[in-house]
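# Observations on chain architecture
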Amino acid sequence: MFKFKIVDRESYNNLIDLCNKVLAKNEEVLYLAIDILRHNNEIIEFNERLLNLNRLGVKKENEDAEN
């Protein structure tokens, strides 16, 4: 994909070091994304529980109103 002309060993080592830093950063971003998805799932489950509780509350209010 990319063509580099490596002039010396130091430039080559610097390029490898830079690539390793980029890969490490990508891994950090991936873990953050996974963590965000996990938290989003927890929030969705929490909201679903709240909705279910509210529906039960509405049903209970309707039953009380009928009686």
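Further up the page is the structure itself.
Residues numbered from 1 in each chain as written. Predicted model: local features only at pLDDT ≥ 70, side-chain atom pairs only at ≥ 80, totals over all residues. Heavy atoms only, no water.

## A closer look at the overall build of the chain
- The helix and strand inventory of the chain stands at one helix and zero strands.
- Within the chain, the fraction of its 67 residues that count as buried is 0%.
- Total accessible area on the chain is roughly 6800 Å²; 59% of this is exposed by carbon and sulfur atoms. (Helix = DSSP H or I, 4+ residues; strand = E, 2+ residues; numbered from the N terminus. Buried < 20%, exposed > 50% of the residue type's maximum accessible area, 1.4 Å probe, protein only. Areas by Shrake-Rupley, 256 points an atom, 1.4 Å probe, with all protein chains shown as cover.)

## What about the pattern of salt bridges?
- The full count for this structure, using the stated rule, is four salt bridges.
- Within the structure, one salt-bridge network assembled from shared partners comprises Asp-35, Arg-38 and Glu-42. (Salt bridge = Lys/Arg side-chain N within 4 Å of Asp/Glu carboxyl O.)

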